[in-house]
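Residue-level listing of the chains:
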Amino acid sequence: MTVPPPIAMLAELTHRCPLACPYCSNPQDLLGREAEMTTGEWADAFHQAAELGVLQLHLSGGEPAARPDLAELTAAAQGCGLYTNLITSGIGLTPRRLDALEAAGLDHIQLSLQGTSAGLADWIGGYKGGFDRKMKIAAEIKTRGIPLTLNAVMHRHNLDDLERTIEMAVEMGARRLEVASVQFHGWASRNRAQLLPTRAQTEAAKRIVAEAEQRLRGVLAFDFVPPDYYADYPKACMGGWGTAGLNIAPDGTVLPCHAAQTIPHLDFDNVRSKPLAAIWYEGAAFNSYRGTDWLPQPCRSCDRKESDFGGCRCQALALAGDAGAADPVCRKSPRHQAVLDLLEAGSTGDGGGFVYRRAAG
Amino acid sequence: MKLALAPSDRPFLPRGVRLAADKVRGGTVLLCPEKAIALDAIGEAILSRVDGSTSFKEIVAALAVAYDAPAEQIAGDVQRFLAGLRARMYLAVRP
């Protein structure tokens, strides 16, 4: 296949975060501050990304506000012409830091929402007072008119509050709401029994989003990621492996997706020691599942293969034990029963307490 | 809310949405929150006239002259394109 240049890059500036969300997409082995790339190393990576064809840069984490050089990094990205999006919980941002980010040319903020009340949100985020601090910074963002997306991560414990979530997005002046069902990678896979929504919740969410999309036309745009365990077919993860986007971990490791390090046989290059273009076009990890030539059955002879590319590799590994298998979410997968079993198990109890995301030791 | 623009509406790109040259692939892209849209020649011709002071009717008239095409036909194309952007909140309108 002809490999297209990447469009988007997720820069995980740090794994440090004051919150401890039990569905965090960071790996279970969290990197510490000492492993993180310097301001100069990140700026160089942004420059290489822009040269490679990246148009959109997502500054993420962990909590990117944990980096004191966040405004400097934003200015570096803007200097390369990158559209710069900050993905944040809001914790660690202040009016003064927002001033600096605006002066640096930040284009957009994606603010996460753990729950619609302090009690629920602080329990889910594992951080007392987090909700109140988030709401204060949301008000600052609104006053300034910084373009805002609210990212509501949804699961069993907050899906019933979806209507209030939508109202809050409108109140905050967000232009867009992501109703993002928890994906069972990283820490979420350890908390699956606690987080799996019910089928009734899933059906209700679809109805509520469809109704609100109509009602709020021209006020709020929606992006809805339904819980994929209840889907008939898998998602085209990352728009196809090594096709649209890449991630850089805090230490400079370049990944096809944020969970790719769960696939043990893949070797990942580091932008500290190899040019980003060589990693994208020639790197072994990026070429492992690119295109459709590698596809197993039943994907190879499926007419959906050009739209979902066999689904998610990390999910195939986690649920079928083989990263090269069809995503078991697919009803045509010979391992689909594994998903049905998890849904059955998840519907019978609360699974005990959360395993919060915390650094080891 | 209706997404269709009235003849006197003056569309503009809100903060966080901008046109940029795509140095690597060529052409012009519309950069939006978490989205980049590659524009064809028609999309580029429309958006190059979207400035917050030119009305929908004036944009259509200018394009009809530039492309030597009937204004009614141009109006339909421009309406579809702009209403689509408005639905995603990539376009705003002053009455």
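Everything here concerns the structure above.
How each quantity is defined
Residues numbered from 1 in each chain as written. Chains lettered and ligands numbered in written order. Predicted model: local features only at pLDDT ≥ 70, side-chain atom pairs only at ≥ 80, totals over all residues. Heavy atoms only, no water. Helix = DSSP H or I, 4+ residues; strand = E, 2+ residues; numbered from the N terminus. Rg over C-alpha atoms; globule rule 2.2 N^0.38 Å. Buried < 20%, exposed > 50% of the residue type's maximum accessible area, 1.4 Å probe, protein only. Contact = heavy atoms within 4.5 Å. Phe/Tyr/Trp six-rings, centres within 6.5 Å; stacked < 30°, edge-to-face > 60°. Lys NZ or Arg CZ within 6 Å of the ring centre and 35° of its normal. Buried area = accessible area lost by both parts, 1.4 Å probe. Salt bridge = Lys/Arg side-chain N within 4 Å of Asp/Glu carboxyl O. Polar contact = N/O pair within 3.5 Å; in protein donor to acceptor, adjacent residues only side chain to side chain. Axes fitted to C-alpha atoms, helices over the stretch in contact; angles between N-to-C directions. Parallel < 35°, antiparallel > 145°, perpendicular 65-115°, else oblique. Left-handed = near helix turned anticlockwise from the far one by under 90°. Nonpolar A, V, L, I, M, F, W, Y, C, P; charged D, E, K, R; others polar. Core = buried A, V, L, I, M, F, W, Y, C linked by side-chain atoms within 4.5 Å. Pairing = 2+ DSSP bridges. Right-handed = clockwise from strand over helix to strand, strands pointing away.

(A) Structural view of the overall build of chain A. Each helix and strand counted, chain A has 14 helices and nine strands in total. Taken against the 2.2 N^0.38 rule, which gives 21 Å for 361 residues, the C-alpha radius of gyration of chain A at 20 Å falls within 12% of a compact globule. Along the first, second and third principal axes, the C-alpha set of chain A runs to 55 × 45 × 45 Å. By residue count, 57% of the 361 residues in chain A fall in the buried class. Taking the intrachain contacts of chain A between residues at least 6 apart in sequence as the baseline, contacts between residues at least 24 apart amount to 73%.

(B) Looking closely at the packing of aromatic side chains. Residue and element names in this part refer to chain A. For the coordinates displayed, the defined rule picks out seven aromatic pairs over all chains. Where W280 meets F286, the ring centres are 5.3 Å apart and the plane angle is 55 degrees; that geometry is what we call tilted. Exposure remark for F286: the relative accessible area of 1% places this residue in the buried category. Arranged with centres 5.0 Å apart and planes meeting at 75 degrees, the rings of Y289 and W294 form a pair that is edge-to-face. For the pair Y289 and W294, one class covers both residues: buried. Ring-pair connections join several aromatic residues into one group, and the members of that group are W123, F354 and Y356. Over the aromatic face of Y233 sits the side chain of R304, whose NZ or CZ is 3.9 Å from the ring centroid.

(C) The arrangement of the interface of chain A and chain B in detail. Taken together, the 34 residues of chain A in the interface contact 22 residues of chain B. Considering only the side of chain A, the residues that lose the most area to chain B are L55, Y83 and R175 of chain A, jointly responsible for 27% of the buried surface there. One can count four salt bridges joining chain A with chain B. R176 of chain A serves as the salt-bridge partner of E34 of chain B, at 3.5 Å between the closest nitrogen and oxygen. For the pair chain A and chain B, the number of links is 15 residue pairs in polar contact (both at pLDDT 80 or more). Secondary-structure elements contributing two or more residues to the side of chain A that touches chain B are α1 (39-52), β2 (56-60), β3 (83-88), β4 (108-113), β6 (176-181) and β7 (221-225) of chain A.

(D) Inspection of the pattern of salt bridges at higher detail. The tally for this structure, following the rule as stated, stands at 23 salt bridges over all chains. Taking the shortest distance from any N to any O, the salt bridge between E171 of chain A and R164 of chain A comes out at 2.9 Å. Across the pair E178 of chain A and R176 of chain A runs a salt bridge whose closest N-O atoms are separated by 2.9 Å. For R176 of chain A, a relative accessible area of 8% translates into the label buried. Several salt bridges share partner residues, and in doing so they unite D99, E102, E140 and R144 of chain A together with R15 of chain B into one network.

(E) Quick peek at the packing of helix α3 (residues 95-104) of chain A against helix α5 (residues 130-144) of chain A. All names here are of chain A. Where α3 contacts α5, the axes come no closer than 11 Å and their chain directions differ by 40 degrees. Taken together, the axes of α3 and α5 are oblique relative to one another. Like other packed secondary-structure pairs, α3 and α5 cross with a definite hand, here right-handed. Note on element contacts: α5 touches α3 through I137, E140, I141 and R144, opposite P95, L98, D99 and E102. Here the contact of α3 with α5 is composed, by residue class, of four nonpolar, no polar and four charged.

(F) Layout of the nonpolar core. Counting residues in each nonpolar core, the largest one holds 62 residues, and the members touching the most others are M9, F46, I166, L177, I248 and L276 of chain A. A total of six residues in this core trace back to one element, the largest contributor, which is α1 of chain A.

(G) How the structure looks around unusual backbone geometry. Residue G62 of chain A follows G61 of chain A across a cis peptide bond; omega there is 10 degrees. Turning to its location among the elements, G62 of chain A is positioned in the loop between β2 and α2 (70-79). A cis amide bond, omega 5 degrees, links Q297 of chain A with the succeeding residue P298 of chain A. In this fold, P298 of chain A is placed in the loop between α11 (284-288) and α12 (305-308). Residues other than glycine seldom take positive phi values, yet D68 of chain B does so here, at roughly 50 degrees. Within the fold, D68 of chain B resides in the loop between α2 (56-67) and α3 (71-87). Among the residues examined, D68 of chain B registers a relative accessible area of 72% and is labelled exposed. Despite not being glycine, M89 of chain B shows a phi value in the positive range, around 70 degrees. Within the element layout of this structure, M89 of chain B appears in the loop between α3 and β5 (92-94).

(H) Up close: the pairing of β4 of chain A. Residue and element names in this part refer to chain A. Burial within β4 is extensive, with six of its six residues counted as buried. Burial of β4 is two-sided: the residues H108, Q110 and S112 facing one way and the residues I109, L111 and L113 facing the other way are all buried. Summarising the sheet, β3 and β4 pair through four bridges and their orientation is parallel. The partner of T88 across the bridge, within β4, is L111. Handedness of the β-α-β unit built from β3, α3 and β4 comes out right-handed. In the sheet, β4 pairs with strand β5 (residues 148-154) via five bridges, with the strands oriented parallel.

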